Amino acid sequence: MPGLTALAIDLGGSHAACAVVRDGTILASRSVPADGTSGMAGLLPALKETLFEVLRTAQINRAECSAVVLAFCGIVSAREKRVLATNAKFNDATRLDLEGWFKQAFGLPFLIENDARLALLGEHSFGAARGTQDAVMVTLGSGIGGAALLDGRLLQSKHGLAGTIGGHMPVVLGGRLCSCGNRGCAEAEGSTVFLPEIYRQQHGGAEGMLSNRKTMGFAELFAAIEAGDKPAIAALEHCLRVWSALTVALIHAYDPEVVVFGGSVLKREAEILPRLQEHVAAHAWTPGRTVPLRPAALGSDAALLGAIPLMEYSL
Ligand SMILES: [Zn+2]
């Protein structure tokens, strides 16, 4: 007896992963470029074509699938099955009837959820949060995403914010203006989008290897650190303090058994997680225990695999 099968899409900032998923296995997948220039409406035909292609590759009939599940990089109402707010990309998604479009295209029920929430569901069912009742996920990358799961259930809410905007917890009083309108958010103080500004601010006026960069990623920051660049070392120290403060805030908010870290920055897990763990051990108020911090086990597949537990909740 086969388990549930889903057509799953994980729409991120630069590409959309399209897959056929069954239980904890991705049967076939293919990536579509999606930089947001043609909006969400412009991307839909390519998603449809690619999903039919992965069905053929996996030799699965569309009728064997129970739903199309979309992991979206924005604020989502899973109950109303629509996008409530976006952050610079796919802004037209809030005006689209995605449920109607996917139902017409595939003749299947449609589910949508925030991408970090789906990643946490995936990690909870098949990865680093398996066996826990209470877990928090933090994704460190171009932005900072998050999700919480309490008493075995994903934390969801009418307005879609619960658990997902942890990256917009203020951690620096009067800090840098964030894209959300708040000041000193963890995202504004410790994510790739703001990294050039963070680098220059930590710089103290001295020239560094990356001083003239308009964009930079953490891979370049680590390369500069390895070359002995002092501003790069200071920028990473700032980010480590920001992520540490954020982790303690999330532990105090949700009382998790584990905090799972994903996102591109975690490629340097060995330089990051022990420092955060040390801070949490010293500063989180969790009497008699220390909350373990773990790297995501499923990598970029987590949100796709989260389609299965989301279907189990919703169908
Ligand atoms: Zn913010």
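Residues numbered from 1 in each chain as written. Predicted model: local features only at pLDDT ≥ 70, side-chain atom pairs only at ≥ 80, totals over all residues. Heavy atoms only, no water.

## A look at the environment of leucine 298
Which entries qualify depends on this criterion: A run of DSSP states H or I qualifies as a helix once it reaches four residues; a run of E qualifies as a strand once it reaches two. Both are numbered from the N-terminal end. The rule is simple: take the accessible area with a 1.4 Å probe, protein chains only, and divide by the maximum for that residue type; under 20% is buried, over 50% is exposed, in between is partly exposed. Contacts were defined at the residue level, with two residues in contact if any of their heavy atoms lie within 4.5 Å.
By the element assignment, leucine 298 lies in the loop between strand S12 (293-295) and helix H9 (302-305). A residue is classified by how much of its surface remains accessible, and leucine 298, at 17% relative accessible area, is buried. With 170 residues separating them along the chain, leucine 298 and alanine 128 place their C-alpha atoms 7.8 Å apart. Those residues in contact with leucine 298, other than ones at most four positions away along the chain, are Gly122, Glu123, Phe126, Gly127 and Leu305.

## A closer look at helix H6 (residues 218-226)
For the record, the criterion: The arc in question is traced by the directions running from the helix axis to the C-beta atoms.
For H6, every residue scored as buried is listed here: Phe218, Leu221, Phe222 and Ala224. One side of H6 carries all its buried residues, which in axial view fall inside an arc of 160 degrees. Exposed side chains of H6 directed beyond 90 degrees from the buried face belong to Ala219 and Glu226. For H6, the secondary structure elements touched by its buried residues are helix H4 (186-190), helix H5 (195-202), helix H7 (230-254) and helix H8 (269-283).

## Topic: the coordination of the zinc ion
The condition that has to hold: For Na, K and Ca the donor cut-off is 3.2 Å; for every other metal, N, O and S atoms count as donors within 2.8 Å. Water does not enter the count, which can leave sites looking incomplete.
Distances from the zinc ion to its protein donors, His168 (ND1), Cys178 (SG), Cys180 (SG) and Cys185 (SG), fall at 2.0 to 2.4 Å. All donors to the zinc ion come from one chain, and their sequence spacing reads H-x9-C-x1-C-x4-C.

## Looking at the pattern of salt bridges
Selection rule: Just to be clear on terms, a salt bridge is a Lys or Arg side-chain nitrogen sitting within 4 Å of an Asp or Glu carboxyl oxygen.
The final tally for this structure, using the stated rule, is 13 salt bridges. Taking the shortest distance from any N to any O, the salt bridge between glutamate 64 and arginine 22 comes out at 3.4 Å. Taken together, the residues glutamate 64 in the loop between helix H1 (39-58) and strand S4 (67-72) and arginine 22 in strand S2 (residues 15-22) connect sequence positions 42 residues apart. In this structure glutamate 64 comes out as partly exposed when scored by relative accessible area, which is 40%. The partner of arginine 268 in a salt bridge is glutamate 226, with the nearest N and O atoms 2.5 Å apart. Pair noted here: arginine 268 is in the loop between strand S11 (258-262) and H8 and glutamate 226 is in helix H6, with a separation of 42 residues, a long-range link. In this structure, a network of salt bridges that share partners links the residues Lys81, Glu99 and Lys103.

## Regarding the sheet that holds S12
Rules: For two strands to count as paired, DSSP must find a minimum of two bridges between them. Working convention: axes come from line fits to C-alpha atoms, limited for helices to the stretch in contact. Angles between N-to-C directions cover 0 to 180 degrees.
With mixed pairing, the 5 strands of this open sheet are ordered in space as S10-S9-S8-S11-S12. Taken across any chain shown, the strands that pair with only one partner, and hence form the sheet edges, are strand S10 (153-154) and S12. The pairing of strand S8 (residues 135-140) with strand S9 (residues 144-150) spans 6 bridges and is classified as antiparallel. Within S9, the residue paired with alanine 135 across the bridge is leucine 149. This element, helix H3 (residues 115-126), spans S8, S9, S10 and S11 of the sheet and lies at about 50 degrees to S9. Taken strand by strand, H8 contacts S11 and S12, and its axis lies near 165 degrees from that of S12.

## Concerning the packing of aromatic side chains
Where we set the bar: Only centres within 6.5 Å qualify two rings of Phe, Tyr or Trp (six-membered ring in Trp) as a pair; their planes then separate them into stacked at under 30 degrees, edge-to-face at over 60, and tilted for everything else.
For the structure shown, the criterion picks out 6 aromatic pairs. Arranged with centres 6.4 Å apart and planes meeting at 15 degrees, the rings of phenylalanine 102 and phenylalanine 106 form a pair that is stacked. Here phenylalanine 106 and phenylalanine 102 lie together in helix H2 (residues 98-106), a separation of 4 residues that amounts to about one turn. Taken individually, phenylalanine 102 and phenylalanine 106 each receive the classification buried, so the pair is uniform in this respect. Ring plane angle 50 degrees and centroid distance 5.5 Å describe the contact between phenylalanine 218 and tryptophan 243, whose orientation is recorded as tilted. Of this pair, phenylalanine 218 sits in helix H6 while tryptophan 243 is found in helix H7, placing the two residues 25 residues apart along the sequence.

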